[in-house]
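Secondary and tertiary structure notes
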2 protein chains.
Amino acid sequence: MEISARKKKILAAVVDEYIRTAEPVGSKTIAEKANMGCSSATIRNELSELTSLGYLEQPHTSAGRVPSPQGYRFYVNELMERQKLSIEEAETINARLSEKMEQLDRLMTDAGRLAGQLTGYPALALSTPRAVAAKRFDLLYVDSNTFIIVILLENNTVRNKLVHLPFSVEQGQIQKLSALFNAGFTGLTEEEITPVLISATERAARDNMGLTSIIAAFTIETLTQSRAGEAFVTGESSLLQQPEFRDPDKAHRVISYLSDSHHLMGLPAVTEENGVRVIIGPENLAEELRDSSVVMASYDAGEGQRGLIGVVGPLRMDYSAVAAKLRYIADGLSRLLGSGEAPAGFGKMILKGDVSTDEHE
Amino acid sequence: MEISARKKKILAAVVDEYIRTAEPVGSKTIAEKANMGCSSATIRNELSELTSLGYLEQPHTSAGRVPSPQGYRFYVNELMERQKLSIEEAETINARLSEKMEQLDRLMTDAGRLAGQLTGYPALALSTPRAVAAKRFDLLYVDSNTFIIVILLENNTVRNKLVHLPFSVEQGQIQKLSALFNAGFTGLTEEEITPVLISATERAARDNMGLTSIIAAFTIETLTQSRAGEAFVTGESSLLQQPEFRDPDKAHRVISYLSDSHHLMGLPAVTEENGVRVIIGPENLAEELRDSSVVMASYDAGEGQRGLIGVVGPLRMDYSAVAAKLRYIADGLSRLLGSGEAPAGFGKMILKGDVSTDEHE
DNA sequence: GCTGGCACTCTCACTTTCCGAGTGCTAAAT
DNA sequence: ATTTAGCACTCGGAAAGTGAGAGTGCCAGC
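Every chain begins its residue count from 1, and numbering advances along the sequence as written. Naming scheme: in the order in which they are written, chains are lettered from A and ligands are numbered from 1. Residue-level local features of this predicted model are given only where pLDDT is at least 70; pairs of side-chain atoms are given and counted only at 80 or more, and the full residue set underlies all totals for whole chains, interfaces and linings. Water and hydrogen atoms were dropped before computing side-chain values, which therefore reflect all heavy atoms in the structure.

1. Quick notes on helix α4 (residues 69–79) of chain B
What sets the pattern is the α-helix's 3.6 residues per turn: residues three or four places apart point alike. Within α4(B) the residues assigned to the buried category are G71(B), Y72(B), F74(B), Y75(B), V76(B) and L79(B). Residue contacts are counted whenever heavy atoms from the two residues lie within 4.5 Å of one another. Each helix is a run of DSSP H or I of at least 4 residues and each strand a run of E of at least 2, with the numbering of both proceeding from the N terminus. Packing partners of the buried residues in α4(B) comprise α1 (5–21), β2 (66–67), β8 (276–280) and α12 (319–337) of chain B. Note on classification: 1.4 Å probe, protein chains only; a residue is buried when its accessible area is under 20% of the maximum for its type, exposed when over 50%, partly exposed between these limits.

What follows is the structure, given as structure tokens:
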């Protein structure tokens, strides 16, 4: 059954009002605020039907209505107005992004922080997991028992480690090893490389007193970490300002869940498509987030990788404003990091449908 | 005036009991729990005097006593028993530290995390600011318009950056630059190097199309960052479990204060000496921490740098246990990182003392 | 100087009361 | 057929009231 236009208008009014005030919304309020052309009694009838349809809930028999998760879902899908950013907000975002574009590695967390500051909710930033391979190895001889391992990954991040040895090596030995690794172990992902490295280590065990094993271990560790992606949360405590998280235990459950980046890595699995995604309360896979909502936007991080920024808040979240802000930030990031960035010669994996260049803005 | 031994014993009993229960402590409780040789009435008299001396407070006329900040201070300075760690705790710490010793850069945050987990309070980890110099530069040629800058700092951390150029360079050019930087710019702190680099950049402007400037900028940035030190907080939300932070606003004030690492950098200024330092409530310089206590331990991070780990909690903190744990962790870190710096760092770390037997310093 | 006793105080937890926002229903009006 | 006004009813939550208990201060006697 299709929902009448008037019901939609009423539902939208309830959600908007509830988002604003955090108080259950009564028929009278709606009759006055939203200028429906009818009286509160009529609205009561409609409300009653919306309730039995499952879009609204009553905290108790004689209170106003509150949107149900299903109500929020309908609101997000069909009713919500696509909100525009104020000029100042857009400028803030642009300024903050371009100021950071020099430091690509920090950009991800800074974007999360920005999202949090703009929305007032705890924000998360994550890079989606993806198996990467090493593109190049360098071993830098520092002194007779110190050298640095530098690994350049396919996604153009660089990892390094300083190694102190309990014995001496010669520069030539280091150089030889460097060449060896470059020749044999580039282009392999962690899964592929592990067995190869293990056998190589065994073969070389006698020759170089474990040098190979040190480098191999760091390589595997690096590839594993990069594959797992990263996750950051900022501004957890702003959750405490939301009335629905006045209960410290409830807040603590959510915050400590978020603080474990291990948990967060589960989120992006759900988010393949582009654009903004809203996960409302019970839709969350994680028990701990069942009465929170998550809004996420993904962006093209270049080199075929995608990143994700998002915020976590109560069901009564200002979805419209949050979505607009996240979308804007994510678009900005895509433009900064996205396909353009790749030097010629790297395969450009442009996920299409990216970046709404679009109709409503 | 000197405080009588019995008063001390009573004061200690009040603090211990209050730390345990978070409830105001009455005369009867003390008479029963601590085996004083006297009745509750006597204790009442003593309590009354301790109150007028400023060591105790009464929430209201007819409630038990609660330690005042001054009372905690006296307790920490003179009454507190130096607590021993259980063997399991000591082993946990040893295990966790040695497991991490490979990754020096992460060790600092991991130590903080460990402190937090062990104590149940939010934990902070920071490195004290100190000017460092670059020990060595390497430029790695990747392809005709990409190279990597690797900078090894005096304190043996390594920083790197991948640079994409909008034009081509030759490998020889990169190598020449590398030699140039190593010859001219090692051993200088940020302050010293900045003017030198600026003039060098100007001189080279024509020759290499800004290559020098890119490297110079990264160098300055790196030295500046390292000089500023770093600060991390973990486990903020565990504060919510403390009864005194049930008020979300209060908790939010403290947590959001802690979340800004900028603020944290102010703390270590107070902590020059070695060992454990306790800052009780109003002793905190920061308004926001006036009803929290901070316990910190510093460690020798090698290369003349010191690090700091600490926890933040309510006034009613278990100072004795917290101090013991922090001290133990800090000692472990000093041994791992400290002046010895044994490149043969794979040796076994046995931390003695502070654990089993009853020895004082 | 210590102790038992006693009157007094004050908080907290619990109950009771009461108000009003908001509902659902019905009957009249459009 | 839909909308509206009116009205009785419900129920949560604030406000006020109550009682018990923990703890104190003080005094008189040991």
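2. Some points on the protein's contact with DNA strand D
One heavy atom suffices: a residue is near a molecule or strand as soon as one of its heavy atoms comes within 4 Å of it. Inspection of the region around DNA strand D gives 21 residues, with R6(A), S39(A), T42(A), T61(A) and S27(B) positioned closest. Here, DNA strand D places atoms within 4 Å of the protein, and 72% of those atoms are sugar or phosphate. Counted as a polar contact is a pair of N or O atoms within 3.5 Å, where, for protein atoms, one must be capable of donating a hydrogen and the other of accepting one, and residues adjacent in sequence contribute only when both atoms are in side chains. At 2.8 Å from a phosphate oxygen of DNA strand D is found a side-chain nitrogen or oxygen belonging to R6(A). In this structure, T61(A) approaches DNA strand D through a side-chain N or O atom, which is 3.5 Å from a sugar or linking oxygen. When residues of the surface near DNA strand D are traced back to their parent elements, those giving at least two are α3 (40–53) of chain A together with α3 (40–53) of chain B.

3. Section: the domain arrangement of chain A
Boundary definitions for the domains trace back to an automatic or database domain assignment. Along its sequence, chain A is organised into domain 1 (5–79), domain 2 (87–129 + 229–337) and domain 3 (134–227). Each of domain 1 of chain A and domain 3 of chain A was reduced to a C-alpha centroid, and the two centroids are 63 Å apart.

4. Quick look at the protein's contact with DNA strand C
Taken together, 21 residues form the shell around DNA strand C, and within it S27(A), C38(B), S39(B), T42(B) and T61(B) come nearest. Sugar and phosphate atoms form 73% of the subset of DNA strand C atoms that lie within 4 Å of the protein. R65(A) has a polar side-chain atom sitting 3.2 Å from a phosphate oxygen of DNA strand C. Separating a base oxygen of DNA strand C from a side-chain N or O atom of S62(B) is a distance of 3.0 Å. At the level of secondary structure, the elements contributing two or more residues to the surface near DNA strand C comprise α3 of chain A together with α3 of chain B.

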